[in-house]
Structure formats: C-alpha cells, structure tokens
Amino acid sequence: MKRILCFLCTLLTVCIFITVLPVIAGEYDDYDDLDDTAVFFKRDKEADVPVIMYHLVTEKSKYIGKYGITPAELEADLKFLKDNGYKTVVMGDLINFVQRGKRLPKKPIVLTFDDGNTGDLNYVLPLLEKYKMKAVFSVIGEAADKFTAQREKNPNAKFPNLTWPQIQEMHDSGRCEIQSHGYDLHGRGGSGIRSGESTQNYHARLRTDLQKLQTLCHEYLDFTPTTFTYPLGVISKEAQAVLEEIGFEATLSCQEGMNRVKQGDPKCLFRLKRSNRPSGKPIGVLLEALE
C-alpha cells in the first residue's frame, strides 16, 4: 500500500508540473532580461532572427528614398512589430544566446541604425521609448569627434551626425546599444583590403582604425562595442583575424536574408544578414519576403 501511495503521489506531481508548465513559460515571456540559468522549462537551441537595416530617419523629403524614411514610417514599423508579437533584441542578446545559453523571446528581431545620424536621437529614441523597444546603433568615430569639436565652438549649430554627449545620452537611455561602424573607414572605401595592399599593412591599418573607436567608446560610454558593422557593405575575408583579435563577437553585413543563430556556434554571429528598409516598403513586407 505504501508503494502504491508513493507512486500515486509521484504521478500527481508530474501531472501538476505538466499542467502548470505552459503558464510558467507564458509568464516568463514578459521578461526580456531574464537570466536563463533560473529557468527550468525546455528552451529552443536555435532561432531564426531577422535583422532590419535603417539609415536616415528624417522629415526632409529630399532625403527620403532607398536609405531614408520618415518618422511616421518608422512608427508604423514599430506598431506592426508590437501588434504581431515581435520582440526587439540587440546584439548583446544574440551573443548571450549563442555563447552563454541565455534565452531569446519567441519572435526576436534586431533593428539596426547605421552611421549615427541626429535623427537617431530626435526621432528614433523617442519612438523606442514609446513602444518600449530597443535597437542597435553603429556609429562613425570620426564624425562623432568632428561634430563634438564643432559643437563646442558653436553650441547652437545643427549637425548631421551625433556628438559624443548625444551618443552617451542614447547609451544611457537603456534603449540603444552602441556598436562600431569603424572610426574613419567610410571615406576610404570601406573596410576592405585595397588593391596592391599587403595583408600585413591591411591588418595594421584596420587594427588602428577599429581600436581607435573601441577606445573612444570605452572613454565616453564605459562600454566597448562587441559588434562591427561593415561600412558600405564591403567585406574582406582578411579582416576576420583582426576583428577577432580586437574582441568583436559578431559582425553585420549588408547581404539580405534570414539569420539562423545556434547556441554553441559563435561563427553564426559573423556576417549576419540585414534587410534594408527603404521608404515605401513597410517592415511587414520585408518580413514576409524572409519567410
């Protein structure tokens, strides 16, 4: 009789666990920063993650087009994501998922903004706060240095790119993850190896440029970027050794497509694909094309 009672108790416990499990899982879905080590229910080891690439968010019609959208278009995108159950994550979340086994939400998506334009602060950040979302911002070090110096001379002037105090404001918001777009690679044809350039000289040039921005981010933000966003979409296979040496754990390309990230596979975080968001092509259309 005692054995029968023990068996029945065990069976009852299992039944209760199975019944409560979906409720527990649903409850945890609301916590974006949950540490997975405290979660005992089964988690996915792989995930499909779309990455959307934005550049300029502006109200000036002359800049609206392939790489520029209006604040209203961005808000429509964020509303679509919220209404359709998507959860915004940043590169740190992907890195933690792949390398440290932490969880991702059911429908993760990464929103990236290149170049560090002033529209990021004026339009993007307020919308992220309104919809309680987060995004990745890849800044250009040379532009930040240039306009920081100019603003010190003329505090009331308007500039196309963010200054370091403005980048710091975004970083401190908790909605913006600052990543590297190189210090001064845009004006030099991107981060690719040049014709006739030796691998040794290329590595030295790339190392100097990237490390300069890493140092500046550490000084201004007390944060060192973990992701490199290829300027102009130019990729050289020779760059990988330098990127890993500096400590980058992921890179973002301009190639379009869906990303499949897998726990325990750090290589899947390099050359992540991104879908460009031009004006007139809502995010729902981009996501449908990736399915």
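Residues numbered from 1 in each chain as written. Predicted model: local features only at pLDDT ≥ 70, side-chain atom pairs only at ≥ 80, totals over all residues. Heavy atoms only, no water.

Chemist: Explain the side chain of Gln166 to me, please; I cannot follow it from the model alone.
Modeler: Following the sequence through the fold, Gln166 ends up in helix 6 (residues 164-172). Residue Gln166 is classed as buried on the basis of its relative accessible area of 14%. Contacts of Gln166, omitting those with residues within four sequence positions, involve Leu121, Arg151 and Asn161. (Helix = DSSP H or I, 4+ residues; strand = E, 2+ residues; numbered from the N terminus. Buried < 20%, exposed > 50% of the residue type's maximum accessible area, 1.4 Å probe, protein only. Contact = heavy atoms within 4.5 Å.)

Chemist: Got a minute to help me understand the pattern of salt bridges in this structure?
Modeler: A side chain with one charge may pair with a side chain of the opposite charge, provided their charged atoms come close. Summed over all chains, the structure comprises 11 salt bridges. Across the pair Arg260 and Glu46 runs a salt bridge, and its minimum N-O distance is 3.0 Å. Of this pair, Arg260 sits in strand 11 (residues 259-262) while Glu46 sits in strand 1 (residues 46-49), placing them 214 residues apart in sequence. Of the residues examined, Glu46 reaches a relative accessible area of 32% and is grouped as partly exposed. For Glu197, the salt bridge goes to Arg205, with nearest N and O atoms at 2.9 Å. Taken together, the shared-partner salt bridges in this structure form one network comprising Glu46, Asp48 and Arg260. (Salt bridge = Lys/Arg side-chain N within 4 Å of Asp/Glu carboxyl O.)

Chemist: Would you mind going over the packing of helix 4 (residues 119-131) against helix 6 with me for this structure?
Modeler: In helix packing, the relevant descriptors are the interaxial angle and the interaxial distance, both defined with respect to the helix axes. Packing of helix 4 against helix 6 leaves a shortest axis separation of 10 Å and a crossing angle of 15°. On the basis of their axis angle, the class for helix 4 and helix 6 is roughly parallel. Helix-helix and strand crossings are classified by hand; for helix 4 and helix 6 the assignment is left-handed. Across from Asp120, Leu121 and Leu125 in helix 4, the residues of helix 6 making contact are Gln166, Glu169 and Met170. Residues of the contact of helix 4 with helix 6, tallied by class, amount to three nonpolar, one polar and two charged. (Axes fitted to C-alpha atoms, helices over the stretch in contact; angles between N-to-C directions. Parallel < 35°, antiparallel > 145°, perpendicular 65-115°, else oblique. Left-handed = near helix turned anticlockwise from the far one by under 90°. Nonpolar A, V, L, I, M, F, W, Y, C, P; charged D, E, K, R; others polar.)

Chemist: Honestly, the packing of aromatic side chains in this entry has me stumped. Any pointers?
Modeler: A ring pair, where both rings are aromatic, is described by two values, the distance of the centres and the angle of the planes. Tallied over the full model, the rule gives six aromatic pairs. Between Phe113 and Phe137, the aromatic rings sit 5.1 Å apart at their centres with planes inclined by 15°, giving stacked as the arrangement. On the criterion of sequence distance, the pair formed by Phe113 in strand 6 (residues 108-115) and Phe137 in strand 7 (residues 135-139) is long-range, its members being 24 residues apart. Residues Phe113 and Phe137 agree in their burial class; the two are buried. Here the aromatic rings of Phe147 and Phe159 are separated by 5.3 Å at their centres, their planes lie at 35°, and the arrangement is tilted. With Phe147 in helix 5 (residues 141-153) and Phe159 in the loop between helix 5 and helix 6, this pair connects stretches of sequence that are 12 residues apart. Taking relative accessible area as the criterion, Phe147 reaches 9% and is therefore assigned buried. Phe159 sits in the buried class, given a relative accessible area of 12%. Its end group placed over the ring of Tyr86, Lys107 keeps NZ or CZ at 4.2 Å from the ring centre. (Phe/Tyr/Trp six-rings, centres within 6.5 Å; stacked < 30°, edge-to-face > 60°. Lys NZ or Arg CZ within 6 Å of the ring centre and 35° of its normal.)

Chemist: How should the packing of helix 2 (residues 71-83) against helix 9 (residues 283-290) be read in this particular structure?
Modeler: Put simply, helix 2 and helix 9 touch, their axes get as near as 9 Å, and they point 55° apart. Relative to helix 9, the element helix 2 is oriented oblique. Facing helix 2, whose interface residues are Asp77, Phe80 and Leu81, helix 9 presents Ile283, Gly284 and Leu287. When the residues that make up the contact of helix 2 with helix 9 are grouped by side-chain class, the tally is four nonpolar, one polar and one charged.

Chemist: Which parts of the structure should I look at to understand the confidence of the model for the chain?
Modeler: The predicted model of the chain has a mean per-residue pLDDT of 89, with 85% of residues at 70 or higher. pLDDT under 50 marks residues 16-42. Its contacts with residues more than four places away, or in other chains, come to 23 contacts. (pLDDT = per-residue confidence, 0-100.)

Chemist: Hey, could you run me through empty space enclosed by the protein in this one?
Modeler: The method is simple in principle: a probe with the dimensions of a water molecule rolls over the atoms, and the space it marks as empty is what remains. Within this structure, the stated rule accounts for one cavity of 30 Å³ or more. Volume-wise, the largest cavity comes out at about 30 Å³. In terms of lining, the largest cavity is formed by Asp115, Gly116, Val139, Ile140, Ala143, Ala144, Asn161, Leu162 and Ile167. Of the residues in the lining of the largest cavity, the class split is six nonpolar, two polar and one charged. (1 Å grid on protein atoms, 1.4 Å probe; cavity = no way out; pocket = protein on both sides within 12 Å on 5 of 7 lines; lining within 4 Å. Points joined across faces, edges and corners; volume = space filled by probe spheres on them.)

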